[in-house]
Amino acid sequence: MGGIFHAAILFLVAAGLQVIFGVQKIFNLACGSFYALGAYVGISAVQAFIGAGGPPGLFLLPLALAGLLVGLVGVVVERGLLRFVYDRDETFQLLLTFALVLMLEDAIRMTWGTAPQSTAGLYLVYGQVRLLGATVPTYNLVVIGASLAIAAGIGWFLTRTAFGRIVRATAENREMAEALGVNMASVYARVFTLGTALGTLGGALVIPATAAMSEMGIELIVEAFAVVVIGGLGSMRGAFVGALVVGVLRAVAISVYPELEMLLIYLIVIGVLVLRPRGIFGEVAV
Amino acid sequence: MTGRLVLGAVTAGVLVLPLVAPTYQLTLMLPFMAYAVILLGLNLLFGYTGLVSFGHALFIGIGAYTGAVLTTHTRVRSLEVILLTAAVAAAAVAAPVGALCVRYVKIYFGMLTLAFGMVFYTFLLKFYGITGGDEGMRVLRPWLLGQDLGEMPKVAYLVGPYYYYSAAVLALATFGMWRIVRSPFGLCLRTIRDNPVKAESLGIGVVRYRWYAFTISAVYAAVGGALLGPPTGNVDPTLAYWTHSGNIVFMTLLGGFAHFFGPVLGAFVFIYLQDTVMSVVPYWRLVFGAILAFLVICAPGGLMGLFTRRRHPTPGAARA
């Protein structure tokens, strides 16, 4: 069950990665750092909320709100940095997101210090339930539900809304979409912000269950990366299935043979890349 | 001609530096020389073949841990044997890993190398009994050219014999790489970078040549990695972490991947700038991230690009 919880969080971050990669063809190494940023801002928001006398039971509200609002950092990053390298080689795009990783990590250290931060006690505020013979914190179920809802929401957004169609058209063929009058700058800015917001929300939601550490971002990116490789680059279904695979495998490995936990995941990543580089649902050929 | 003059001046400078420079500056030269060796190799992939590895720290780790394992678990102390073993170990790992990786280019190559790097990192971290886990392993002071210098004070050892030894290794590595990139093989690599389809039609075994380049650059990384260990006396898994791979790509870009000596300059500037920034504020990553972002957006040719006016090809400019 802890595996599914982890998978739900991973899905959010990986979905952010996928949206950006699918449309802009940028592999955003900084998505883990956005996740960390969301976590820290989420903690601060909750602490402020509790400090202001808010009922602990409603902490989810400021948490989720903070997570979504930090996503607006995406606009700044996209307009301020990324838009200069769209016509460049992808190496430079990758390096620019690596620059973001470096900057954000220290920005977090400067703002919140190096000591781990946590929202002590709130994790179990919703109590626990017994499910299939195991005791599960209700909060986990809330996050899993939220993640499923978001997955459904993204699916609806991409297939049913006008902007979703534009996004898919852009992902398919940028030149053609542009020729048909799509404002690329606006699409890119919105897509990048959406991707960022998914990451920061993931960070905010994970926080009641764990402590925020400045390294959490660079550790998560490689897991999110494993998710998208297994599921297929640029595919939403891929992010969903990949997150489940990684989340569950991790949980199983931890209980059976902890040393193998991450090793197993990377070995699967390599296996997938070698045998089927486009992943389970990927449509992009090498 | 000016190139030779500069090279001669730099060589002379490196040789007389221990006589004039303060000890602290000299200890900074040690990681610089190790990274310079690593980057010479990385640039064979990055600048000359157009492949960006985000897992090269794997081979740095192999080199560094070779030194640690040999000195602590066996009686081997000779640095020559360590460097040679590191090179062989790296080649042995790089041959199969590279064979898989070079079948892909661009983002897939980057991801695959990153995944292999993380496999090794996880191994170093989790198999505590063999590798010492996150505490790492000690590297005992190696003998140089058969001389056991164990009686020497540590600093005197490092800025004296070890300094010259590293400089000699770097000189050899530079000479070797210079011959490689000037050879028909190096020319093939550049052809592959600029246009793999054309290269293939010219009869160049594109995948095979990429594989050679990958293996050679892995050997360089391991030799450089083995040089990194003794000055600190300790190696730990962060040497193999993916951000370390990112950092060395950064150094290459900083100096300028389009120039043979660009990465060496990049390593030099990176080490000294990092030291300077860290002495002022603890947040060197923030400063370096900003520098990297600036480089990527405004000066992709790196520092060398500022000196030379030629139009430079981009890495991986060739679209498969």
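What you see is a predicted model, and the numbers here were worked out from it, not measured in a lab. (Residues numbered from 1 in each chain as written. Chains lettered and ligands numbered in written order. Predicted model: local features only at pLDDT ≥ 70, side-chain atom pairs only at ≥ 80, totals over all residues. Heavy atoms only, no water.)

Undergrad: Could you clarify how one ought to interpret the environment of Tyr-65 of chain B in this entry?
TA: All names here are of chain B. By secondary structure assignment, the location of Tyr-65 is in helix α3 (residues 57–73). A C-alpha to C-alpha distance of 19 Å links Tyr-65 and Tyr-165, two positions 100 residues apart in sequence. Ignoring anything within four residues of it in the chain, the contact list for Tyr-65 reads Leu-124, Thr-131, Gly-136, Met-137, Val-235, Asp-236 and Pro-237. (Helix = DSSP H or I, 4+ residues; strand = E, 2+ residues; numbered from the N terminus. Contact = heavy atoms within 4.5 Å.)

Undergrad: What exactly am I supposed to notice about the pattern of salt bridges here?
TA: A side chain with one charge may pair with a side chain of the opposite charge, provided their charged atoms come close. Summed over the entire model, instances satisfying the criterion amount to eight salt bridges over all chains. Close ionic contact of Glu-223 of chain A with Arg-250 of chain A constitutes a salt bridge, the shortest N to O distance being 3.0 Å. Taken together, the residues Glu-223 of chain A in helix α10 (residues 216–231) and Arg-250 of chain A in helix α11 (residues 236–256) connect sequence positions 27 residues apart. According to the relative accessible area criterion, Glu-223 of chain A is buried, its value standing at 7%. Linked by salt bridges that have partners in common, Glu-105, Asp-106 and Arg-109 of chain A together with Arg-285 of chain B make up one network. (Salt bridge = Lys/Arg side-chain N within 4 Å of Asp/Glu carboxyl O. Buried < 20%, exposed > 50% of the residue type's maximum accessible area, 1.4 Å probe, protein only.)

Undergrad: Help me understand the packing of aromatic side chains, please; the structure alone is not making it clear to me.
TA: Residues and elements named next belong to chain A. Enumeration according to the criterion identifies 32 aromatic pairs over all chains in this entry. Ring centres 6.1 Å apart and planes at 90° place the aromatic pair Phe-27 and Phe-225 in the edge-to-face group. With a gap of 198 residues between them, Phe-27 in the loop between α1 (2–24) and α2 (31–51) and Phe-225 in helix α10 connect regions that are remote in the sequence. Both residues of the pair, Phe-27 and Phe-225, count as buried. (Phe/Tyr/Trp six-rings, centres within 6.5 Å; stacked < 30°, edge-to-face > 60°.)

Undergrad: Can you walk me through the side chain of Glu-223 of chain A in this structure?
TA: Side chain to side chain, Glu-223 of chain A and Arg-250 of chain A meet in a polar contact 3.0 Å long. If near-sequence neighbours (up to four positions away) are discounted, Glu-223 of chain A is found in contact with His-6, Leu-10, Val-246, Arg-250 and Met-262 of chain A. (Polar contact = N/O pair within 3.5 Å; in protein donor to acceptor, adjacent residues only side chain to side chain.)

Undergrad: Looking at this structure, how should I read the nonpolar core?
TA: What tends to happen in soluble globular proteins is that the nonpolar side chains get buried as a cluster. Counting residues in each nonpolar core, the largest one holds 215 residues, and the members touching the most others are Phe-27 and Leu-29 of chain A together with Phe-59, Met-111, Phe-214 and Trp-242 of chain B. Sort the elements by how many residues they give to this core and helix α2 (residues 23–49) of chain B lands first, with 18 residues. The contact partners of Phe-214 of chain B, leaving out residues within four places of it in the chain, are Leu-45, Phe-59, Ala-94, Val-97, Gly-98, Cys-101, Val-102, Phe-109 and Thr-113 of chain B. (Core = buried A, V, L, I, M, F, W, Y, C linked by side-chain atoms within 4.5 Å.)

Undergrad: I'm lost on the side chain of Thr-113 of chain B in this one. Help?
TA: All names here are of chain B. Looking at the element boundaries, Thr-113 is found in helix α5 (residues 106–126). For Thr-113, a relative accessible area of 3% puts it in the buried group. Sequence-distant contacts of Thr-113, that is, excluding residues within four places in its chain, are made with Val-52, Ser-53, Phe-54, Gly-55, Cys-101 and Phe-214.

Undergrad: Is there a simple way to explain α2 of chain B in this structure?
TA: An α-helical turn contains 3.6 residues, so any two residues separated by three or four positions project in the same direction. Residues and elements named next belong to chain B. Taking 1.5 Å of rise per residue, 27 residues should cover 39 Å, and α2 covers 38 Å from first to last C-alpha, within 8% of that figure. If you look at α2, its biggest bend is around 40°, right at Asn-43. In the segment just after α2, Gly-50 is the residue with positive phi, at about 80°. (Expected span 1.5 Å × (residues − 1). Bend = angle between axes of the 7 residues up to and from the residue.)

Undergrad: What is the right way to look at α3 of chain B in this model?
TA: Here α3 of chain B contains 17 residues, and its C-alpha end-to-end distance of 23 Å stays within 8% of the 24 Å for a straight helix at 1.5 Å per residue. Counted residue by residue, α3 of chain B has 14 buried out of 17 residues, so it is predominantly covered.

Undergrad: Just checking my understanding: could you explain the confidence of the model for chain B for this structure?
TA: The predicted structure's coordinates, where accompanied by low pLDDT, should not be read in detail. For chain B, the mean per-residue pLDDT works out to 83, and 96% of the residues sit at or above 70. When mean pLDDT is taken per element in chain B, helix α10 (residues 206–232) of chain B scores highest with 90 and helix α6 (residues 128–131) of chain B scores lowest with 76. (pLDDT = per-residue confidence, 0-100.)

Undergrad: Hey, could you run me through the interface of chain A and chain B in this one?
TA: Accessible area lost during the coming together of the parts is what is often quoted as the interface size. The interface of chain A with chain B comprises 45 residues on the first partner and 46 residues on the second. Three residues stand out in chain A for area buried against chain B, namely Phe-92, Leu-95 and Phe-98 of chain A, and they jointly supply 14% of the buried area on that side. Inspection of the region where chain A meets chain B yields two salt bridges. Its salt-bridge partner being Arg-285 of chain B, residue Asp-106 of chain A comes within 3.5 Å of it at the nearest N-O pair. Linking chain A to chain B there are seven residue pairs in polar contact (both at pLDDT 80 or more). When residues in the side of chain A that touches chain B are grouped by element, the largest group, 16 residues, is from helix α5 (residues 90–112) of chain A. (Buried area = accessible area lost by both parts, 1.4 Å probe.)

Undergrad: How do you make sense of the confidence of the model for chain A when you look at a structure like this?
TA: Per-residue confidence for chain A gives a mean pLDDT of 83, with 96% of residues at or over 70. When pLDDT is averaged over each element of chain A, helix α9 (residues 184–206) of chain A comes out on top at 88 and strand β1 (residues 128–131) of chain A at the bottom at 77.

Undergrad: Explanation requested: the pairing of β1 of chain A in the structure shown.
TA: In the case of a regular strand, side chains alternate between the two sheet surfaces. All names here are of chain A. By the bridge criterion, four bridges tie β1 to strand β2 (residues 134–137) in an arrangement that is antiparallel. Considered in β2, the bridge of Arg-130 is made with Thr-135. As consecutive antiparallel partners, β1 and β2 are separated by two residues, and within that stretch Leu-132 has a phi angle of approximately 50°, a positive value. (Pairing = 2+ DSSP bridges.)

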